[in-house]
Amino acid sequence: MTNELERIAALEGSHVVQVYGRPPFLITRGEGMTVYDDEGRAYLDFVAGIAVNALGYNDEGLNRAICKALKSGVIHTSNLYHTAAHAELAALLCETSFADRVHFCNSGAEAIEGAIKFSRKAAFEAGKQDKTGIVAFSNAFHGRTIGALALTPREKYQKPFRPLMPDVTIAEFNDIDSAAAAIDANTTAVFVEPVQGEGGINIATPEFMQGLRALCDEHEALLVSDEIQCGMGRTGSLWGYEESGVEPDIMTVAKPLAGGLPIGAILVTEAVAGALHAGDHGSTFAGGPVVTAAALEVLRRIRQPAFLAHVRDVGEYLVERLEEINSPLIREVRGRGLIVGIELDCPSAALVTAGYDKGLLLLNAGEQVLRFVPPLVAQRSDIDTMISSLTDMLEDLSDA
């Protein structure tokens, strides 16, 4: 342990609320797919800040957009005043999706909280004050704030914070009969991830998404597509809902949108937006000029057909190489684009830890799923390097 790491770790241990576990190295810089610690050791990154750093590290275009915004001298204005980038970003988000309007916030969980409010306000404005029910699904992860937590059916997350927000029903993911039993005249919104990230890289079938759309239409409920992790090109399409051909009424976006700066967005149809009036919702920091300038650069790049084709190509190659690993510890490989997981016969945390010694950053998605969400600029050569290390790690674990 270096003197600097020891100093930083001591400060963190003494002064930061202890809700995170961190490995024993200090990241100091990054370039492309690689980050470096204070000793100069390189780590090939298949985490991307938890599916955030879509353009990798030290991207020239993103740096230029941020620096240009900073040079204006206006880092913050609040939402009391007009600024250009937030309006331009909203327009581009609408142009590239189903949405008619956008509300900006600061994080994924905040976007979910806003989507809960917006759906209930839409029912209220329609004269249906008792239409408050929300349906979510098994293995979902929508966040840890108090409203979002009620839609995240994990006992270890929920138990200490009960009672949670009422009127939430959890149905079985990819089971339309279970969804049909849960969605009724009291349902105001149905929240679904087209690809579940934290829940284990589970892909919603087109038939399931189409069935949800039909059920929502039948019961006058809103369909909410949570694309905080799987949106913005991660699946090889710009938006996860596109794979099924089903358009939602609301979509939540966050993680990769500004390439690493904090932002969230709630995309809505005109019908939903029409239920919202001045003062119904707000945020001091949301849609600031620097972060939205960064997001414009990221969205303009990712939306390009060649960029999305690259994600599909490298994602297919990642799945192919993972399937080639001949390990008794691998049960299944699943994913789409560059959100891929392997289900294991052993704790995934063991491989995450082993990866540090191999110069590799990996991420779990539950106790027995290893998740791969690298920067979207990953190359086939990066996949080959990772596979070589992962194969050795699985062999060592199997022999232990």
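Residues numbered from 1 in each chain as written. Predicted model: local features only at pLDDT ≥ 70, side-chain atom pairs only at ≥ 80, totals over all residues. Heavy atoms only, no water.

*Asks:* If you had to explain the overall build of the protein chain to someone new, which residues and values would you point to?
*Replies:* Counting secondary structure elements, the protein chain contains 14 helices and 17 strands. Taken over C-alpha atoms, the radius of gyration comes to 21 Å for the protein chain, in line with the 21 Å a tight globule of 400 residues would show. For the C-alpha atoms alone, the extent of the protein chain along its principal axes is close to 60 × 55 × 45 Å. Counting only residues that meet the buried cut, the protein chain has 55% of its 400 residues in that class. Partitioning the contacts of the protein chain with sequence separation of at least 6, the portion at a separation of at least 24 is 71%. (Helix = DSSP H or I, 4+ residues; strand = E, 2+ residues; numbered from the N terminus. Rg over C-alpha atoms; globule rule 2.2 N^0.38 Å. Buried < 20%, exposed > 50% of the residue type's maximum accessible area, 1.4 Å probe, protein only. Contact = heavy atoms within 4.5 Å.)

*Asks:* A description of the pattern of salt bridges should follow, citing residues and the corresponding values.
*Replies:* Counted under the stated rule, the structure contains 21 salt bridges. Arginine 303 is the partner of glutamate 95 in a salt bridge, and the nearest nitrogen-oxygen pair spans 3.2 Å. Here glutamate 95, found in helix 4 (residues 84-95), pairs with arginine 303, found in the loop between helix 11 (289-302) and helix 12 (305-324); they are 208 residues apart in sequence, far enough to count as distant. Notably, a salt bridge pairs aspartate 313 with arginine 380, separated by 3.0 Å at the nearest N-O pair. Of this pair, aspartate 313 sits in helix 12 while arginine 380 sits in helix 14 (residues 380-399), placing them 67 residues apart in sequence. The network of salt bridges with common partners includes Arg331, Glu332, Arg334, Glu343 and Asp345. (Salt bridge = Lys/Arg side-chain N within 4 Å of Asp/Glu carboxyl O.)

*Asks:* Any chance you could break down the pairing of strand 1 (residues 27-31) for me, citing the residues and the numbers?
*Replies:* Side-chain positions along a regular strand alternate between the two faces of the sheet. Note: strand 1 against strand 2 (residues 34-37), four bridges, orientation antiparallel. Within the sheet, the bridge partner assigned to arginine 29 lies in strand 2 and is tyrosine 36. Hairpin remark: strand 1 followed by strand 2, antiparallel, with two residues in the connecting loop; positive phi at glycine 32, about 65 degrees. (Pairing = 2+ DSSP bridges.)

*Asks:* Go over the packing of aromatic side chains with me, naming the residues and quoting the values.
*Replies:* Taken as a whole, this structure holds seven aromatic pairs when the rule is applied. Ring centres 5.2 Å apart and planes at 75 degrees place the aromatic pair phenylalanine 137 and phenylalanine 208 in the edge-to-face group. Taken together, the residues span a long stretch of sequence, with phenylalanine 137 in strand 5 (residues 133-137) and phenylalanine 208 in helix 9 (residues 206-219) at a distance of 71 residues. Considering the side-chain rings of phenylalanine 141 and tyrosine 157, the 6.1 Å spacing of their centres and the 75 degrees angle between planes classify their relative orientation as edge-to-face. Of this pair, phenylalanine 141 sits in the loop between strand 5 and helix 6 (146-150) while tyrosine 157 is found in helix 7 (residues 155-158), placing the two residues 16 residues apart along the sequence. By relative accessible area, which is 18% here, tyrosine 157 ends up buried. Connected via pairs of aromatic rings, a cluster forms that spans Phe25, Tyr43 and Tyr356. The aromatic ring of tyrosine 36 is capped on one face by arginine 29, whose charged end is 3.9 Å from the ring centroid. Looking at arginine 144, its charged tip hangs above the ring of tyrosine 157, at a distance of 4.6 Å from the centre. (Phe/Tyr/Trp six-rings, centres within 6.5 Å; stacked < 30°, edge-to-face > 60°. Lys NZ or Arg CZ within 6 Å of the ring centre and 35° of its normal.)

*Asks:* Outline the sheet that holds strand 3 (residues 42-45), listing residues and values.
*Replies:* The strand order across the open sheet built from four strands is 1-2-3-15, with neighbouring strands paired in mixed fashion. Of all the strands in the sheet, just strand 1 and strand 15 (360-361) have a single pairing partner and so form its edges. Where strand 2 and strand 3 come together, three bridges link them in antiparallel fashion. Directly across from tyrosine 36, in strand 3, lies its bridge partner alanine 42.

*Asks:* Account for the environment of valine 253, naming residues and giving values.
*Replies:* Within the secondary structure, valine 253 sits in strand 11 (residues 250-253). For the pair formed by valine 253 and arginine 312, sequence separation is 59 residues and the distance between their alpha carbons is 20 Å. Setting aside its immediate chain neighbours within four residues, valine 253 contacts Ala111, Glu227, Ile228, Met232, Trp239, Gly264, Ala265 and Leu267.

Just geometry here; none of it tells us what the structure is for.
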